[in-house]
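One letter stands for each residue in the lines below.
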Amino acid sequence: MTLFEKDLLGDVLPLIESNYRVYTDQPHRADHRPIHGGSQSIRVGLANLDKFAYVCPMSAGGLRSEDLDQSFPELAAKPETANEKLKLLWVACGEKDGLLKFNSGFDAWLTSHQIKHVFEVTPKGVHTWHVWRIYLAEVATKVFQD
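What counts and what doesn't
- Throughout this description, residue numbers start from 1 for each chain and increase along the sequence as written.
- With the structure being a predicted model, the display of local features is reserved for residues of pLDDT at least 70 and the display and counting of side-chain atom pairs for 80 or more, all residues being used for whole-chain, interface and lining totals.
- Where side-chain values are given, they derive from all heavy atoms of the structure, hydrogens and water being excluded.
- Stacked, edge-to-face and tilted are the three classes for Phe, Tyr and Trp ring pairs, Trp counted by its six-membered ring, which pair at centre distances within 6.5 Å; planes under 30 degrees apart are stacked, over 60 edge-to-face, the rest tilted.
- Numbering goes from the N terminus for both helices and strands, where a helix is a DSSP run of H or I of at least four residues and a strand is a run of E of at least two.
- Any residue under 20% of the maximum accessible area for its type is buried, any over 50% is exposed, and the rest in between are partly exposed; the area is computed with a 1.4 Å probe on protein chains only.
- Throughout, nonpolar core names a set of buried Ala, Val, Leu, Ile, Met, Phe, Trp, Tyr and Cys residues whose side chains join them through atoms within 4.5 Å.
- We call two residues in contact when some of their heavy atoms are within 4.5 Å.
- Each pair of strands is called paired provided DSSP finds at least two bridges between the two strands.
- Axes, fitted as lines to C-alpha atoms, cover a helix only where it is in contact. Angles between the N-to-C directions of the axes lie from 0 to 180 degrees.
- Side-chain atoms alone can form a polar contact between residues adjacent in sequence; in general such a contact is a pair of N or O atoms within 3.5 Å, and within protein one must be able to donate a hydrogen while the other accepts it.

## As for the packing of aromatic side chains
Applying the stated criterion to the full structure yields 6 aromatic pairs. Measuring from centroid to centroid gives 5.4 Å for Trp 129 and Trp 132, while their planes differ by 85 degrees, and the two rings are edge-to-face. In this pair, Trp 129 and Trp 132 are both assigned in helix H7 (residues 129-140), 3 residues apart and thus about one turn of the helix distant. By relative accessible area, Trp 129 is classed as exposed at 59%. The buried category is assigned to Trp 132, whose relative accessible area is 4%. Ring-pair connections join several aromatic residues into one group, and the members of that group are Phe 72, Phe 102, Phe 106 and Trp 109.

Here it is in structure tokens:
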């Protein structure tokens, strides 16, 4: 994860910002990915609140709910920072997705730390692209609205 984060922040973002006409500030950046990418969205997005205003993982896995305090000690200690910096923390998972247990635990952890977020469970949703396409369409209507 450390190497991925280094590549994303040190190579990918600068490449995009130097080759495309995009906003380069925190209020105009989102991190939104499915499955293993959902875990990356959580880890990278929440660890870099100075760079991302929107963190929207879908069917995230690869983390254990009981490790969240250790994974995000600064966030656990100062949840108000997330509430100040994030415009949207949106978490979604299908009702029949094998990763629902983690996503529900993540929702409970966020709630217990009073971190503002939206948690959506898709009825009958499974771990498939069909569900993630629906999520992408939904999240696209929620980001960069100002």
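## Points about the environment of Val 12
Mapped onto the elements, Val 12 comes out in helix H1 (residues 2-19). Between the alpha carbons of Val 12 and Phe 144 there is a distance of 20 Å; along the sequence they are 132 residues apart.

## Regarding the nonpolar core
Residues Ile 42, Leu 46, Leu 75, Leu 89, Phe 106 and Trp 109 are the most contacted members of the largest nonpolar core, which totals 22 residues. Secondary structure elements with two or more residues in this core: H1, helix H2 (35-47), strand E3 (88-94) and helix H6 (100-112). In terms of residue count, H6 provides more of this core than any other element does, 4 residues in total. Once residues within four sequence positions are removed from consideration, Trp 109 is found in contact with Leu 68, Asp 69, Phe 72, Leu 75, Ala 76 and Ile 115. Of all hydrophobic cores here, the second largest spans 12 residues; its members include Ala 53, Tyr 54, Trp 90 and Trp 132.

## Focus on the sheet that holds strand E2 (residues 54-55)
Across the sheet, 4 strands lie side by side as E1-E2-E3-E4; this open sheet has parallel pairing. Edge positions in the sheet fall to strand E1 (30-31) and strand E4 (118-122), since each of these pairs with one other strand and no more. As paired elements, E3 and E4 share 5 bridges and run parallel to each other. In the sheet register, Val 91 faces E4, and the bridge partner there is Phe 119. With respect to the sheet, H6 is in contact with E3 and E4, its orientation differing from that of E3 by roughly 150 degrees.

## A few points about the side chain of Asn 48
Residue position: Asn 48 is located in the loop between H2 and E2. Here Val 44 takes part through its backbone oxygen, which lies 2.8 Å from a polar atom of the side chain of Asn 48. When sequence neighbours within four positions are dropped, the list of residues in contact with Asn 48 reads Glu 5 and Leu 9.

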